[in-house]
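Structural description and commentary
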Amino acid sequence: MISRRLDKLGRVVLPQEMRSKLSITPDTLIDIALEGDKIILSKSSESCIICGATHAILEGTKVCRSCAEVIASKLK
């Protein structure tokens, strides 16, 4: 276990060893949850907001390639 202090804005720095082990980079989305008196941080897994798929998510969107193709075909 590693202890860190919060700064005045409520921020805490995640140790480099932990970030490296989980492949967390500056743009990585982190989920924050409460479980009783614990704050749980976890690396977010991007998933399609339509079908829930976790693969082929189009960059800059929350939609997978398959769903995007279906939507595009409906717009024609």
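Data block above holds the structure.
Here goes a summary of the coordinates provided. (Residues numbered from 1 in each chain as written. Predicted model: local features only at pLDDT ≥ 70, side-chain atom pairs only at ≥ 80, totals over all residues. Heavy atoms only, no water.)

**Here we look at the pattern of salt bridges**
Two side chains with opposite charge may pair up if their charged atoms get near one another. As enumerated under the stated definition, the model contains one salt bridge in all. Note that Arg 11 and Asp 7 form a salt bridge whose closest N and O atoms lie 2.7 Å from each other. (Salt bridge = Lys/Arg side-chain N within 4 Å of Asp/Glu carboxyl O.)

**Focus on the layout of surface pockets**
By volume, the largest pocket is sized at about 500 Å³. Around the largest pocket sit 17 residues that line it, and Val 12, Leu 14, Met 18, Ile 39 and Leu 41 are the ones nearest its centre. Secondary structure elements with two or more residues in the lining of the largest pocket: strand 1 (30-35) and strand 2 (38-43). Here the lining of the largest pocket takes five residues from strand 2, the largest share from any one element. For the lining of the largest pocket, the residue count by class is 13 nonpolar, one polar and three charged. Quantified by volume, the second largest pocket comes out at close to 240 Å³. What lines the second largest pocket is simply Arg 11, Val 12, Val 13, Leu 14, Arg 19, Ile 24, Thr 25, Pro 26, Thr 28, Ile 30 and Leu 41. When its residues are assigned to classes, the lining of the second largest pocket shows seven nonpolar, two polar and two charged. (1 Å grid on protein atoms, 1.4 Å probe; cavity = no way out; pocket = protein on both sides within 12 Å on 5 of 7 lines; lining within 4 Å. Points joined across faces, edges and corners; volume = space filled by probe spheres on them. Helix = DSSP H or I, 4+ residues; strand = E, 2+ residues; numbered from the N terminus. Nonpolar A, V, L, I, M, F, W, Y, C, P; charged D, E, K, R; others polar.)

**Considerations on a nonpolar patch on the surface**
A cluster of nonpolar residues, Ile 32, Leu 34, Ile 39 and Leu 41, forms a patch on the protein surface that exposes about 470 Å² of accessible area. Broken down by secondary-structure element, the contributors of at least two residues to the nonpolar patch are strand 1 and strand 2. The residue Leu 41 is located in strand 2 in this model. Residue Leu 41 is classed as partly exposed on the basis of its relative accessible area of 43%. (Patch = residues over 30% accessible without salt bridge, like charges linked within 9 Å, V, L, I, M, F, W, Y side chains within 5 Å. Areas by Shrake-Rupley, 256 points an atom, 1.4 Å probe, with all protein chains shown as cover. Buried < 20%, exposed > 50% of the residue type's maximum accessible area, 1.4 Å probe, protein only.)

**Details of unusual backbone geometry**
Phi at Ser 23 is positive, roughly 55°, even though this residue is not glycine. As for its placement among the helices and strands, Ser 23 is situated in the loop between helix 1 (16-21) and strand 1. Non-glycine residue Ala 56 carries a positive phi angle of around 55°. Turning to its location among the elements, Ala 56 is positioned in the loop between strand 2 and helix 2 (65-75). Its relative accessible area of 40% is what places Ala 56 among the partly exposed residues.

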